[in-house]
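# A structural walkthrough
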Amino acid sequence: MTCSLPFLPSRLNPKLASGQAEGVEAGVARYHQLRRDEPEVWDYGPEALTALTISLLRTGQPNASVRIQQLAVAEFPRSGSAAQLLVRLYQYLGRADEARSALNALVDRVDE
């Protein structure tokens, strides 16, 4: 089974983008710092993390993209689009068990 990720035009926050070379955990820390220190400058909601996820995937960093999308789901548990993208990302990467688990978690959230 193949799964394609939709083309997602993204408005990647330049400050998040500039941290891509630092590594994923440094990027997570940068995200938390920016969200705390500059909430009025940029929207740091799930869309900001999704844009970073897609950027990382497009630059050949699938593990980093998964980590960032996991963060999006953890930070914004009510965001169906963030959870859905995580499911699709796992499918795209051939990680079927993780896709099923993420899908079940999404269904559980809907049932709450």
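Structural data are supplied above this passage.
Below you will find a few notes about this structure. Everything quoted here is computed from the prediction, not taken from an experiment. As a convention, each chain's residues are numbered from 1 in the sequence order in which they are written. Per-residue local features of the predicted model are confined to residues with pLDDT of at least 70, and side-chain atom pairs are confined, for both listing and counting, to 80 or more; whole-chain, interface and lining totals are unaffected and use all residues. Calculation of side-chain values draws on the structure's entire complement of heavy atoms; hydrogens and water are dropped beforehand.

### Digging into the overall build of the chain
Numbering goes from the N terminus for both helices and strands, where a helix is a DSSP run of H or I of at least four residues and a strand is a run of E of at least two. Each helix and strand counted, the chain has six helices and zero strands in total. Start at the N end of the chain and walk to the C end: the helices and strands fall as α-α-α-α-α-α. Note on classification: 1.4 Å probe, protein chains only; a residue is buried when its accessible area is under 20% of the maximum for its type, exposed when over 50%, partly exposed between these limits. Counting the 112 residues in the chain, one finds 40% classified as buried. Contacts: residue pairs with any heavy atoms within 4.5 Å of one another. Relative to all contacts within the chain whose residues are 6 or more apart in sequence, the contacts with residues 24 or more apart total 59%. Approximately 6,400 Å² of the chain is accessible, and the part contributed by carbon and sulfur atoms is 53%. In these tables, accessible area is a Shrake-Rupley quantity obtained with a 1.4 Å probe, and a residue counts as shielded only by the protein chains included in the view.

### Concerning the packing of helix α3 (residues 46-58) against helix α4 (residues 62-75)
Angles shown run from 0 to 180 degrees and are taken between the N-to-C directions of axes, each axis being a line fitted to C-alpha atoms and, for helices, limited to the stretch in contact. Running from N to C, α3 and α4 point in directions that differ by 170°, and their axes come no closer than 8 Å. It follows from the interaxial angle that α3 and α4 lie roughly antiparallel. On α4, the residues touching Leu49, Thr50, Leu52, Thr53, Leu56 and Leu57 of α3 are Pro62, Ala64, Ser65, Ile68, Gln69, Leu71 and Ala72. Residue classes in the contact of α3 with α4 are distributed as nine nonpolar, four polar and no charged. In these notes the angle categories are as follows: under 35 degrees is roughly parallel, over 145 is roughly antiparallel, 65 to 115 is roughly perpendicular, and the rest is oblique. Note on residue categories: nonpolar means Ala, Val, Leu, Ile, Met, Phe, Trp, Tyr, Cys or Pro, charged means Asp, Glu, Lys or Arg, and polar means any other residue, Gly included.

### A look at α3
Think of an α-helix as 3.6 residues a turn; residues three or four steps apart then line up on the same face. Compared with the 18 Å implied by 1.5 Å per residue over 13 residues, the 18 Å span of α3 between its first and last C-alpha is a close match. Burial analysis of α3 places 11 of its 13 residues in the buried class, the great majority of the element. Listed in full, the buried residues belonging to α3 are Pro46, Ala48, Leu49, Thr50, Ala51, Leu52, Thr53, Ile54, Ser55, Leu56 and Leu57. Gly60 lies just past α3 and shows a positive phi near 75°. A helix's residues, less one, multiplied by 1.5 Å, set its expected span.

### Brief notes about α4
For α4, with 14 residues, the first-to-last C-alpha span of 20 Å sits near the 20 Å given by 1.5 Å per residue. For α4, the set of buried residues is Ala64, Ser65, Val66, Ile68, Gln69, Leu71, Ala72 and Val73.

### Observations concerning the environment of Leu52
You can see Leu52 is positioned in helix α3. Under the relative-accessibility criterion, Leu52 is labelled buried at 5%. Residues Leu52 and Ser65, spaced 13 residues apart in sequence, show a C-alpha to C-alpha distance of 7.4 Å.

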